[in-house]
Amino acid sequence: MENVMDKELRGQGDFLTLSTIAYRNIWRNGRRTILCIIAVAVAVFFNIFMQAWISGMIEGIEEAVRTYETGHVNVVSNLFEEEREYYPVQYPIADGKSATELSAEIEALPGVKAALPRITTYASLFDSTVKHALLWGIDIQRERAVNVFNLTDRDDGLIEGRFPRAGSNECAVGLEFARKAGVKIGDPIPLKTVSAQFSDKYWRPVITGIFAFDYRKFDEEVILVPIDRLQRILVLGEATQQMFIYAENADDALRLRDEVAKMLGPGQTVREWGDNYWVAYMRQTSFLYVIVFLVFQIVASFLIINTVLMIIHERIKEIGMMGALGMTRREIVTVFFLEAVFLSVLGSAVGMFFGGLVTWIGSLFPLDMDTFTGGGMKEFPVSGTIFITFSPKILMEGFVFGILVSSLCTLIPSLKSAFIEPVEALRR
Amino acid sequence: MQKYNSCGRSEIVPVVLLCAAVFSFFFLSPAVVEGEPSAAELLAQVDDNEVYDTITYTGEMIIEYQGRRYEKRFEAVAKENSDSFIEFVNQEDLGTKYLKRSGRLYVYSPDSEQVMLISGHLLKESMMGSDLSYEDTIENNKMSDRYNPSLIGSDTIDGHPAWVLDLAAKKESESYPRRKFWVDKENGDLLHAEFYALSGAKLKEYSLIRADVIHDRRFPVEFEMRDLLRKNSRTLFIMHDVVLDAPVNDSVFSMRNLER
């Protein structure tokens, strides 16, 4: 009966007592403790910062892809899909059906915010330092109602003049294009393109506006023109080369893809934005980043492991004394393990604090990637400005990840204390 | 190789594309080569036979590209292989006009309603979606002035014995640093030609399909060009109602006519 009571009393007080002992122990060598905390903090900070960076980049890619490359659901003809890199215009969707009618039919589907026809094709420029460009035919008014083209400033991206009017012989060019070609508002851009009937078509649209979408590819290569005018130039009639469908809710993309595919029948390639190469690539490689963070955390934990091993070695007599006074092996291991856990928790907390602070600042003041890359991200569908993601979820993940990895790493060295014989320890 | 219908003298007038001298070698004389002529003689015959005063015809260009077929019709007038005027009359290209004058190529498009000079990098691009480049159409000097020929042997093209000529460009600026001609031994027709890049890569191929006798000349009225850099592509040229050496008003080759 007495033994049982002792056990119960010991059990009630054990964890708190052991925790108190462990916490006091870690401050017996403050310098070493601070070093351990800093090591874990750096790892956790790195983890959080990189996660926030990658998350920001993925979000940036996804937004650029949805805005410029696919919409939520993208429709092209199968023949276009086979030669997509050349942007052929001779393969309109739905066998050349009127884009207006097609838009109306798709927009009648529940959950569709807008179905916007677009045409992209190559153009060769006359007498220009810029030899080739992309003609981007869109319904400018409708596009502006649905999309923000400048992914940084969240606006239409127009910095000078105005966008071309529907049906007009006008165009808008990107800031980088204007700089390279040495053109300004009011200048014509003589160009040649190839029509749907494989004929050379010559055109001189006049620049009415200059835009900066902060999307290098478009700012440098695109001549934005009214889609109805481009349809006429390319002898496409009412047809369109692509249809960009925007959903009320992005989560509806898969359902909409299936419904649109069913509606349009065979001969069309209907994709949802998640199928985009870069989006899929970034998603699939996410697990690699987890491995990188894990390795970094483990490396940082070596300092704690080393500390625990040193503590055990330094306190070998103390461990003998603890054993002689009646502490069980489990309790001795617990003390050392708790010391490691406290170091991990303190380090992770510090890392989380600074990680949160830096990512919060980063989310307010985006990074101009063009400064780092010199504009070398043209083929990468991402805005030139990256917003680092500030997210409590990322902070908590980094914090818990730091504690778990660091604590688990110190479990084995803590167990070493359990195999020290009190008599042998006291004899040293 | 395309089937070759032998009839009359061999000539090719790329009037279809503003009488490009690229085909000037097709203007072979009716002389039947006996024995083994020298390369220079063969090439001189080519040059001698390309000389004509004027040509007028209605042309048809059938472009087959990646399983699709595009047909274009045009009316062409050319003078002395230096001035040419072409107006497209098929619905899709209606009103598109080209003028070659003094070695320069101008285009008028109803879409722009303006005349533009085709120059620089554009000259290397495909003309009207065909397998010929603009550059091909403005070459108009004699082949013997531009290339050093050598006779490299004999061959047979679709059953026709032919001399094989290898031409090396005299100037680095030539579009094709090297060409190979297959000249019919019996009637001097240019049966086949190949155009090479500096690297030795074959860029284009020409094959004669049909030649008619017009005013005692053998005139190629149907031939095929292939741009080997384009997958599954060939362009068939067919010429109708060919009139040679008839008077042509100089005003045809004017900017005013182009803008009209």
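Just so we're clear, the structure is a prediction, and the values are computed from it rather than from any experiment.

S.K.: Residues and numbers for the overall build of chain A, please.
M.R.: Within chain A one finds 16 helices and 13 strands. Against the 2.2 N^0.38 benchmark of 22 Å for 428 residues, chain A shows a C-alpha radius of gyration of 32 Å, more extended than a compact globule. Overall, the C-alpha framework of chain A stretches about 100 × 45 × 30 Å when taken along its three principal axes. Of all 428 residues assigned to chain A, the portion counted as buried reaches 53%. If you sum the accessible surface of chain A, you get close to 19700 Å²; carbon and sulfur atoms cover 62% of it. Here chain A contributes 41 positively and 50 negatively charged side chains, and the mean placements of these two sets differ by 6 Å.

S.K.: Explain the pattern of salt bridges to me, using residue names and the numbers behind them.
M.R.: Within the structure shown, the criterion is met by 35 salt bridges over all chains. For Glu107(A), the salt bridge is made with Arg142(A), and the minimal N-O distance between the two is 2.3 Å. Separated by 35 residues along the polypeptide, Glu107(A) in helix H4 (residues 99–107) and Arg142(A) in helix H5 (residues 140–146) bring together distant segments of the chain. The salt bridge partner of Lys202(B) is Glu205(B), with a shortest N-O separation of 2.8 Å. Linked by salt bridges that have partners in common, Glu64(B), Arg69(B), Glu71(B), Glu224(B), Arg226(B) and Arg234(B) make up one network.

S.K.: Give a detailed account of the pairing of strand S8 (residues 160–169) of chain B, specifying residues and quantitative values.
M.R.: Residue and element names in this part refer to chain B. Counting buried positions along S8 yields seven of ten residues, so the element is predominantly enclosed. As defined by bridge partners, strand S7 (residues 147–157) adjoins S8 across ten bridges and the pair is classed as antiparallel. Of the residues in S8, the one forming a bridge with Gly 153 is Val 164. Where S7 folds back on S8, the antiparallel hairpin that results is connected by two residues, among which Asp 158 adopts a positive phi of roughly 45°. Direction of pairing for S8 relative to strand S9 (residues 178–184): antiparallel, over a ladder of seven bridges. Among the inter-strand pairings, Val 164 is bridged to a residue of S9, identified as Trp 182.

S.K.: I'd like a description of the interface of chain A and chain B, backed by residues and values.
M.R.: With 24 residues of chain A at the contact, the number on the chain B side is 27 residues. Around 2200 Å² of area is buried between chain A and chain B when both sides are counted, 52% of it from carbon and sulfur atoms. For Glu125(B), the salt bridge identified is with Lys192(A), shortest N-O distance 3.2 Å. For the interface between chain A and chain B, the tally reads 16 residue pairs in polar contact (both at pLDDT 80 or more). Mapped by element, the contributors of at least two residues to the side of chain A that touches chain B are strand S2 (112–125), strand S7 (200–203) and helix H8 (227–233) of chain A. Across the side of chain A that touches chain B, the residue classes tally to eleven nonpolar, five polar and eight charged.

S.K.: Explain the layout of surface pockets residue by residue, including any values.
M.R.: The computed volume of the largest pocket comes to approximately 1200 Å³. Val194(A), Tyr65(B), Glu125(B), Ser126(B) and Arg230(B) are the residues nearest the centre of the largest pocket, which is lined by 39 residues in total. Those elements that place two or more of their residues in the lining of the largest pocket are S2 and strand S6 (191–194) of chain A together with helix H2 (134–138) and strand S11 (202–214) of chain B. Broken down by element, the residue count for the lining of the largest pocket peaks at four residues, all from S2(A). Here the lining of the largest pocket is built from residues that sort into 15 nonpolar, eleven polar and 13 charged. Size it by volume and the second largest pocket reaches roughly 650 Å³. Sorting the residues of the lining of the second largest pocket by element identifies helix H2 (30–70), S2, strand S3 (132–138), helix H7 (216–221), strand S10 (242–247), strand S11 (268–272) and helix H10 (277–284) of chain A as the ones contributing at least two each.

S.K.: Describe the nonpolar core, with residues and values.
M.R.: Of all hydrophobic cores here, the largest spans 53 residues; its most connected members are Tyr98(B), Ile118(B), Phe181(B) and Val242(B). Within the second largest apolar cluster, 27 residues are counted, among which are Cys171(A), Ile189(A), Trp203(A) and Ile223(A).

S.K.: Could you give an account of the packing of H2(A) against helix H11 (residues 286–314) of chain A, naming the residues involved and the relevant values?
M.R.: Helices that pack against each other are described as a pair by the angle of their axes relative to one another and the distance between those axes. Residue and element names in this part refer to chain A. Taken N-terminus to C-terminus, the directions of H2 and H11 make an angle of 175°; their axes are 10 Å apart at the nearest point. What the angle tells us is that H2 and H11 run roughly antiparallel. Residue composition of the contact of H2 with H11, by class: 19 nonpolar, five polar and two charged.

S.K.: An account of the packing of aromatic side chains is requested, with residue identities and associated values reported.
M.R.: Scanning the entire structure with this criterion turns up 30 aromatic pairs over all chains. Ring centres of Tyr277(A) and Trp278(A) lie 5.1 Å apart, and the angle between their planes is 80°; on these two criteria the pair is classed as edge-to-face. The class for Trp278(A) is partly exposed, based on a relative accessible area of 27%. Arranged with centres 5.1 Å apart and planes meeting at 55°, the rings of Tyr176(B) and Phe195(B) form a pair that is tilted. Linking Tyr176(B) in the loop between S8 and S9 with Phe195(B) in strand S10 (residues 190–196), this pair joins segments that are 19 residues apart in sequence. Each member of the pair, Tyr176(B) as well as Phe195(B), is classed as buried. Site record: aromatic cluster; members linked through ring pairs are Tyr68(A), Trp136(A), Phe149(A), Phe211(A), Phe213(A), Tyr215(A) and Phe218(A).

S.K.: Residues and numbers for the packing of H11(A) against helix H13 (residues 329–364) of chain A, please.
M.R.: Residues and elements named next belong to chain A. Packing of H11 against H13 brings their axes to within 10 Å, and their N-to-C directions diverge by 145°. Seen from above, H11 lies across H13 with right-handed handedness. Residues Ile 304, Thr 307, Val 308, Ile 311 and Ile 312 of H11 touch H13, and the partners they reach there are Phe 336, Glu 339, Ala 340, Leu 343 and Ser 344. Residues that form the contact of H11 with H13 fall into these classes: seven nonpolar, two polar and one charged.

S.K.: With reference to specific residues and values, describe the environment of Gly67(B).
M.R.: One can find Gly67(B) in the loop between strand S1 (54–65) and strand S2 (68–79). Separated by 166 residues in sequence, Gly67(B) and Ser233(B) have C-alpha atoms that sit 8.4 Å apart.

S.K.: How would you sum up the confidence of the model for chain B? Please name residues and give values.
M.R.: Residue and element names in this part refer to chain B. Per-residue confidence for chain B gives a mean pLDDT of 80, with 82% of residues at or over 70. This stretch, residues 1–34, has a pLDDT under 50; its non-local contacts, to residues over four places away or in other chains, come to 183 contacts. This prediction of the complex comes with two scores: 0.75 for pTM and 0.72 for ipTM.

Quick notes on the rules
- Residues numbered from 1 in each chain as written.
- Chains lettered and ligands numbered in written order.
- Predicted model: local features only at pLDDT ≥ 70, side-chain atom pairs only at ≥ 80, totals over all residues.
- Heavy atoms only, no water.
- Helix = DSSP H or I, 4+ residues; strand = E, 2+ residues; numbered from the N terminus.
- Rg over C-alpha atoms; globule rule 2.2 N^0.38 Å.
- Buried < 20%, exposed > 50% of the residue type's maximum accessible area, 1.4 Å probe, protein only.
- Areas by Shrake-Rupley, 256 points an atom, 1.4 Å probe, with all protein chains shown as cover.
- Lys, Arg positive; Asp, Glu negative; His and termini not counted.
- Charge placed at Lys NZ, Arg CZ, Asp CG, Glu CD.
- Salt bridge = Lys/Arg side-chain N within 4 Å of Asp/Glu carboxyl O.
- Pairing = 2+ DSSP bridges.
- Contact = heavy atoms within 4.5 Å.
- Buried area = accessible area lost by both parts, 1.4 Å probe.
- Polar contact = N/O pair within 3.5 Å; in protein donor to acceptor, adjacent residues only side chain to side chain.
- Nonpolar A, V, L, I, M, F, W, Y, C, P; charged D, E, K, R; others polar.
- 1 Å grid on protein atoms, 1.4 Å probe; cavity = no way out; pocket = protein on both sides within 12 Å on 5 of 7 lines; lining within 4 Å.
- Points joined across faces, edges and corners; volume = space filled by probe spheres on them.
- Core = buried A, V, L, I, M, F, W, Y, C linked by side-chain atoms within 4.5 Å.
- Axes fitted to C-alpha atoms, helices over the stretch in contact; angles between N-to-C directions.
- Parallel < 35°, antiparallel > 145°, perpendicular 65-115°, else oblique.
- Phe/Tyr/Trp six-rings, centres within 6.5 Å; stacked < 30°, edge-to-face > 60°.
- Left-handed = near helix turned anticlockwise from the far one by under 90°.
- pLDDT = per-residue confidence, 0-100.

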